[in-house]
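This is what each chain is made of:
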Amino acid sequence: MKFVVFTCLLTVAGMRAIALEANCKVSQEGSLPKRLDVVLKRFSLSLKISGTLAVVTPQGAYIRGVGLANDRDKTANGPEVVYPIAANSQHFVAISILKLQEKGLLKVTDPMAPFFSQYRLNFLQGSSGAQIKIEHLLNHTSGIAEVYSEQIERNITKGAVSFAEFMEEIKNKPLKSLPGSKYEYSKTNYLILGEIVRRKTNAPYGEFLKTEVFAPLGLEKKIFVGTPPPSVVVAKSYGLNPSKSTRVDYFQEHGIRAHPLTDIYTDGNISATAHSLAVWLLRLVSGSVISSELTLKIFTPQFDKNGYGFVIGKDGSDRKVYSHSGQWHGFTSSMDVYPEEQVAMVFMANQICEGRDCSDCERGFELFFKSLREEVMLCRMPFAYAGESR
């Protein structure tokens, strides 16, 4: 079934950085948690936002849910609810590649071609294809075509697609640009990187991440690769019609029978709680995951301010911020981490705005995220956390 989705949820990563110091006077009373409560309440009433916000600072953690994670059983969004994070999964693949470099099993300057000879990828046969290196996949400059065609998308809604099927989809498509010459976002890059991890470790990608990355940090039961276990609460996704102020089950509305999160979908197969993702971000920027030298590679801007799975930029007060966003099948996640202040903010949403009448929705979500940033970073106020720290 072919359908058109008009998505109006603006992510933090996509917003313009606007200096808001002059507006901070309106928020000078109350601790940060209380002020964030006000923002969430205001926009939950006006926009019917649905999801969980987590802010982690050196002084404490703020985790609040708004709306329902599941309309049928009335489960509320909150600290323990798990959400697919879509394209925000990609930096985990980058971490895995750099872990393998740390172990001496590969280098990011290695060519891609030797890993994929069995698939007879025509775009690798010429001199240009031979130039594609792992680092080109990491920074979206490989020139490889996007694998998610309409046919592949339809197949995914019916069940899992194999890696061989993905490669069959692009094997005859020419490179869109010379390797290393142009940034062009393509989820294909991170699907291919996941296969390199599997081949180099002789193990599932998820197993490598769990044992080598998550377990040492105590996050193996909060961040999941593939379908989360039945013991955790996973949010359902919904589409909101702003003109009718109603929402419907996203999967049912679009005829989606499956949301496969297998080991193959390394461009978007991670699920997490909002808080665990925020904690992870702070561990990552602190150098607790991989060496400081390799951590620097992740956050070094290359083409169009892009690192490995992050957009590298500054906010309206000239603070360094690493951001990214992801969206798939009605779920949206946005993440910001301020390395110098050691502050991370994550918002996980299980509802997107759909329909042709969504200009008000668009402006509303822009204001929502602008308000969050204002309270979290641009108003230079103490955290003064008064609630339960998680």
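Report on the accompanying structure. (Residues numbered from 1 in each chain as written. Predicted model: local features only at pLDDT ≥ 70, side-chain atom pairs only at ≥ 80, totals over all residues. Heavy atoms only, no water.)

Regarding the packing of helix 2 (residues 90-102) against helix 7 (residues 188-201)
Point 1. Two elements in contact, helix 2 and helix 7, have axes separated by 10 Å at closest approach and are oriented at 35°. Two packed elements cross with a definite hand, and for helix 2 against helix 7 that hand is left-handed. Each of Q90, V93, A94, S96, I97 and L100 in helix 2 lies in contact with helix 7, whose residues at this interface are Y190, L193, G194, I196, V197, K200 and T201.
Point 2. Of the residues in the contact of helix 2 with helix 7, the class split is 8 nonpolar, 4 polar and 1 charged. (Axes fitted to C-alpha atoms, helices over the stretch in contact; angles between N-to-C directions. Helix = DSSP H or I, 4+ residues; strand = E, 2+ residues; numbered from the N terminus. Left-handed = near helix turned anticlockwise from the far one by under 90°. Contact = heavy atoms within 4.5 Å. Nonpolar A, V, L, I, M, F, W, Y, C, P; charged D, E, K, R; others polar.)

Things to note about the pairing of strand 2 (residues 60-66)
Point 1. With 5 of 7 residues buried, strand 2 lies mostly within the body of the structure.
Point 2. From the end of strand 1 (residues 51-57) to the start of strand 2, which pair antiparallel, there are 2 residues. (Buried < 20%, exposed > 50% of the residue type's maximum accessible area, 1.4 Å probe, protein only. Pairing = 2+ DSSP bridges.)

Side note on the sheet that holds strand 9 (residues 246-249)
Point 1. Reading across the sheet, the 3 strands line up as 9-8-15 and stay open at both edges, with mixed pairing between neighbours. Two strands close off the open sheet at either side, each with one partner strand: strand 9 and strand 15 (351-353). Geometrically, the sheet is characterised by an average inter-axis angle of 30° between neighbouring strands, direction not taken into account.
Point 2. In the sheet, strand 8 (residues 238-241) pairs with strand 9 via 4 bridges, with the strands oriented antiparallel. Bridged to Y238 within strand 9 is D249.

Some details on the layout of surface pockets
Point 1. In this structure, the second largest pocket spans a volume of roughly 360 Å³.
Point 2. Lining the second largest pocket are 23 residues, with A87, Q90, Y185, K187 and S325 sitting closest to its centre.
Point 3. Here the lining of the second largest pocket gets 4 residues from one element, more than from any other, and that element is strand 12 (residues 320-328).
Point 4. Residue classes in the lining of the second largest pocket are distributed as 10 nonpolar, 10 polar and 3 charged. (1 Å grid on protein atoms, 1.4 Å probe; cavity = no way out; pocket = protein on both sides within 12 Å on 5 of 7 lines; lining within 4 Å. Points joined across faces, edges and corners; volume = space filled by probe spheres on them.)

Some thoughts on helix 2
Point 1. Spanning 13 residues, helix 2 covers 19 Å between terminal C-alpha atoms, matching the ideal 18 Å at 1.5 Å per step.
Point 2. Helix 2 sits mainly inside the fold: 11 of its 13 residues count as buried.
Point 3. Along helix 2, the residues that are buried comprise Q90, H91, F92, V93, A94, I95, S96, I97, L98, K99 and L100.
Point 4. Looking at the residues trailing helix 2, positive phi occurs at G104, about 80°. (Expected span 1.5 Å × (residues − 1).)

Overview of unusual backbone geometry
Point 1. Even without being a glycine, K74 presents a positive backbone phi close to 65°.
Point 2. The residue K74 is located in the loop between strand 3 (68-70) and strand 4 (75-76) in this model.
Point 3. Residue R120 is not a glycine yet carries a positive backbone phi of 50°.
Point 4. Turning to its location among the elements, R120 is positioned in the loop between helix 2 and helix 3 (127-130).

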